[in-house]
Amino acid sequence: MATKAEIDTRLEALHVRMKENSLAGHWQERQRRPDLVPWVWEWATIRECLEESGEVIKLGGVNDAANRRTVQLINPNLTEAKATTRTLQMSVQLVKPGEVAECHRHRATALRFAVESTGTYTTVEGERMVMEPGDLILTPNWKWHDHTNNTDGPAVWLDVLDGHLVTHLDATGRENFSEGTTQPITKPDGYSRKRFGAMRPDTSDIDDVALLPYSYKWVDAKATLESMAEAGEASDYDGVILEYTNPVTGGPTMPTIGCWAQMLRPGETTRAHRHTGSTIYHVVGGAGVTTVGRGSEATELTWGEHDCFFVPSWGWHEHRNTSKTEPAYIFSVTDRPVLQALHLHREERA
Ligand code: 1HN
């Protein structure tokens with residue numbers, strides 16, 4: 001029998017030999033990834049940083065100017081990757097009066113959710129999509145997009161991209177539009193909403209209907225939530241909640257990013273649940289508290305209008321509308337469609 005000392009010596013030599021040959025033993029320790037932390041980004045701070053960036057960061061295609069002016073929300077445990085979650089990035093973009101964010105496309109899928117805008121538009125695949133506060137505009141992967149502010153006020157919106165997921169999958173790619181700063185407008189305003197709405201022609205000419213440029217108006221989302229609330233249609237776990245869907249497939253907005261709008265009725269507290277999938281929330285209006293985790297591990301996220309907050313995958317969470325008189329409206333994005341596609345979606349209810 002070998003002694004402990006002999007075994008240790010051989011083991012050490014084995015580890016050296018394996019390391020030299022890019023091998024490792026199952027029994028050897030590996031670095032653990034940090035858990036993501038629940039977080040709130042206060043709008044006032046984001047907005048002030050964005051305003052300041054508007055003074056010092058020039059937008060335009062020349063040399064040291066940036067091609068986008070965005071302030072990115074970072075999870076404190078993902079500072080190196082500059083990421084909000086391991087799959088999704090939420091950023092806040094400013095385009096000042098007279099500015100244009102030049103045309104490009106990438107294999108990351110993106111969406112815009114307007115916060116301040118009075119007629120600024122994003123052009124997606126030849127269609128101008130006007131942004132009014134709360135409107136959602138999809139830029140599925142590899143669709144050309146550019147942003148134009150011809151108004152006399154600043155335009156501010158949320159950008160959500162699945163870039164970190166695409167990077168993990170080694171599927172990145174991007175291209176600048178070579179025929180000008182912006183792409184030509186080839187479709188009438190409102191084209192997608194009309195063509196793919198409730199009455200629609202055959203769509204067999206479209207290459208992949210899961211990747212449709214599309215826009216959703218906040219007035220419609222809000223009116224639907226209000227009608228559902230009046231009819232008493234609500235979930236114990238999410239309040240009154242709607243999923244934005246692809247108008248043709250009926251599936252999620254885009255294959256990698258799901259979008260939801262919810263209303264917490266005055267004084268409402270939801271029941272706790274947890275599910276796989278990371279969620280980033282943006283408060284359209286109202287104020288409340290979201291409790292993440294349970295018992296001594298619980299974190300209270302206190303939020304108000306336009307704040308953004310994050311609930312990690314598999315984190316217990318419940319929401320409370322702290323107003324007794326006003327509803328709270330929340331927009332959220334999630335990587336749930338990816339988990340569902342991979343049969344990894346799970347939910348547990350308290
Ligand atoms: C991007 O291309 C846009 O097209 C916005 O407006 C935000 C954040 C990270 C990477 C690319 C845009 C972005 C982005």
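Residues numbered from 1 in each chain as written. Predicted model: local features only at pLDDT ≥ 70, side-chain atom pairs only at ≥ 80, totals over all residues. Heavy atoms only, no water.

Peer 1: I would appreciate a short explanation of the overall build of the chain in the present structure.
Peer 2: Looking only at helices and strands, the chain features six helices and 22 strands. Along the first, second and third principal axes, the C-alpha atoms of the chain reach 85 × 55 × 45 Å. Counting only contacts in the chain whose residues sit at least 6 apart along the sequence, the fraction spanning at least 24 positions is 74%. The centroid of the 36 positive side-chain charges in the chain is displaced by 4 Å from the centroid of its 49 negative side-chain charges. (Helix = DSSP H or I, 4+ residues; strand = E, 2+ residues; numbered from the N terminus. Contact = heavy atoms within 4.5 Å. Lys, Arg positive; Asp, Glu negative; His and termini not counted. Charge placed at Lys NZ, Arg CZ, Asp CG, Glu CD.)

Peer 1: What is the right way to read the confidence of the model for the chain from this model?
Peer 2: When pLDDT drops low, the exact placement of atoms in the prediction is not to be read closely. Here the chain shows a mean pLDDT of 96. Residues at 70 or above account for 99%. Ranking the elements of the chain by mean pLDDT puts helix α4 (residues 191–195) last, at 94, and strand β21 (residues 328–334) first, at 99. (pLDDT = per-residue confidence, 0-100.)

Peer 1: In this structure, what is going on with the sheet that holds strand β6 (residues 121–124)? I would like to understand it.
Peer 2: Backbone hydrogen bonds are what pair the strands of a sheet, in a parallel or an antiparallel way. Reading across the sheet, the five strands line up as β7-β6-β9-β4-β11 and stay open at both edges, with antiparallel pairing between neighbours. The sheet is open, and its two borders are formed by β7 (127–130) and β11 (174–176), each paired with just one other strand. Strand-to-strand twist across the sheet, computed as the mean angle between neighbouring axes with direction ignored, equals 25 degrees. With three bridges joining them, strand β4 (residues 100–106) and β11 adopt antiparallel strand pairing. (Pairing = 2+ DSSP bridges. Axes fitted to C-alpha atoms, helices over the stretch in contact; angles between N-to-C directions.)

Peer 1: Just to check I follow, could you spell out the side chain of N246 for this structure?
Peer 2: Note on placement: N246 falls in the loop between β13 (240–243) and β14 (258–264). There is a polar contact of 2.8 Å between the side chain of N246 and the backbone nitrogen of V248. Discounting chain neighbours no more than four positions away, the residues touching N246 are V209, A210, L212, Y216, G251, P252 and T253. (Polar contact = N/O pair within 3.5 Å; in protein donor to acceptor, adjacent residues only side chain to side chain.)

Peer 1: In this structure, what is going on with the site of the ligand? I would like to understand it.
Peer 2: Around the ligand sit R68, T70, Q72, S91, Q93, H104, H106, R112, H145, H147, D159 and L161, and that is every residue in its neighbourhood. Between an oxygen atom of the ligand and a side-chain N or O atom of R68, the distance comes to 2.6 Å. Within the side chain of H104, one N or O atom sits 3.0 Å away from an oxygen atom of the ligand. Computed on the free molecule, the ligand has an accessible area of 330 Å², of which 81% lies beneath the protein chains in the complex. (Near = heavy atom within 4 Å. Areas by Shrake-Rupley, 256 points an atom, 1.4 Å probe, with all protein chains shown as cover.)

Peer 1: Please explain the nonpolar core as it appears in this structure.
Peer 2: A general trend in soluble globular proteins is that nonpolar side chains are found buried together. The biggest cluster of nonpolar side chains holds 44 residues, and the ones touching the most others in it are L111, L136, Y244, F331 and V333. It is helix α5 (residues 218–230) that provides the largest number of residues to this core, a total of four residues. The residues contacting F331, other than those within four sequence positions of it, are L111, F113, L136, Y244, C259, W260, I280, Y281, H282 and V284. (Core = buried A, V, L, I, M, F, W, Y, C linked by side-chain atoms within 4.5 Å. Buried < 20%, exposed > 50% of the residue type's maximum accessible area, 1.4 Å probe, protein only.)

Peer 1: What am I meant to see in a nonpolar patch on the surface here?
Peer 2: Judged by side-chain polarity, L11, L14 and W27 come together as a nonpolar surface patch covering roughly 300 Å² of accessible area. With respect to the secondary-structure elements, W27 resides in the loop between α1 (4–20) and β1 (39–41). (Patch = residues over 30% accessible without salt bridge, like charges linked within 9 Å, V, L, I, M, F, W, Y side chains within 5 Å. Salt bridge = Lys/Arg side-chain N within 4 Å of Asp/Glu carboxyl O.)

Peer 1: I keep staring at the sheet that holds β1 and nothing clicks. Help me out?
Peer 2: Read from one edge to the other, the open sheet built from six strands follows the order β1-β19-β16-β21-β14-β13, with strand pairing classed as antiparallel. In this open sheet, the two edge strands, each paired with only one partner strand, are β1 and β13. The average angle at which neighbouring strand axes cross in this sheet is 20 degrees, direction not considered. Contacts between α5 and the sheet are confined to β13, β14, β16 (279–285) and β21, with β13 contributing the most and set at about 140 degrees to the helix.

Peer 1: Could you clarify how one ought to interpret the environment of L212 in this entry?
Peer 2: Positionally, L212 belongs in the loop between α4 and β12 (214–216). Its relative accessible area of 3% is what places L212 among the buried residues. Taking the C-alpha atoms as reference points, L212 and V248, separated by 36 residues in sequence, lie 8.6 Å from one another. Sequence-distant contacts of L212, that is, excluding residues within four places in its chain, are made with L138, P140, F196, I206, N246, P247 and V248.

Peer 1: Would you take a moment to explain the environment of S323 for this structure?
Peer 2: Of note, S323 is situated in the loop between β20 (317–321) and β21. When the C-alpha atoms of S323 and E127 are compared, they prove to be 40 Å apart, with 196 residues separating the residues in sequence. A distance of 3.1 Å separates the side chain of S323 from the backbone nitrogen of T325, its partner in a polar contact.

Peer 1: Honestly, the packing of aromatic side chains in this entry has me stumped. Any pointers?
Peer 2: Aromatic ring pairs are described here by two measures, namely the spacing of the ring centres and the angle between the planes. Applying the stated criterion to the full structure yields ten aromatic pairs. Ring-pair connections join several aromatic residues into one group, and the members of that group are F113, Y214, Y216, W218, Y244, Y329 and F331. We note R107 situated over the ring of W142; from NZ or CZ to the ring centre the distance is 5.7 Å. Taking NZ or CZ as reference, R294 lies 3.9 Å from the ring centre of W316, over its face. (Phe/Tyr/Trp six-rings, centres within 6.5 Å; stacked < 30°, edge-to-face > 60°. Lys NZ or Arg CZ within 6 Å of the ring centre and 35° of its normal.)

Peer 1: Any chance you could explain the environment of H104 here in plain terms?
Peer 2: Along the chain, the position of H104 falls in strand β4. Along the primary structure H104 and A5 are separated by 99 residues, whereas in three dimensions their C-alpha atoms are 62 Å apart. If we skip the residues at most four places from it in the chain, H104 touches N67, R68, K143, W144, H145, R174, E175, N176 and F177. A polar atom in the side chain of H104 sits 3.4 Å from the side chain of H106.

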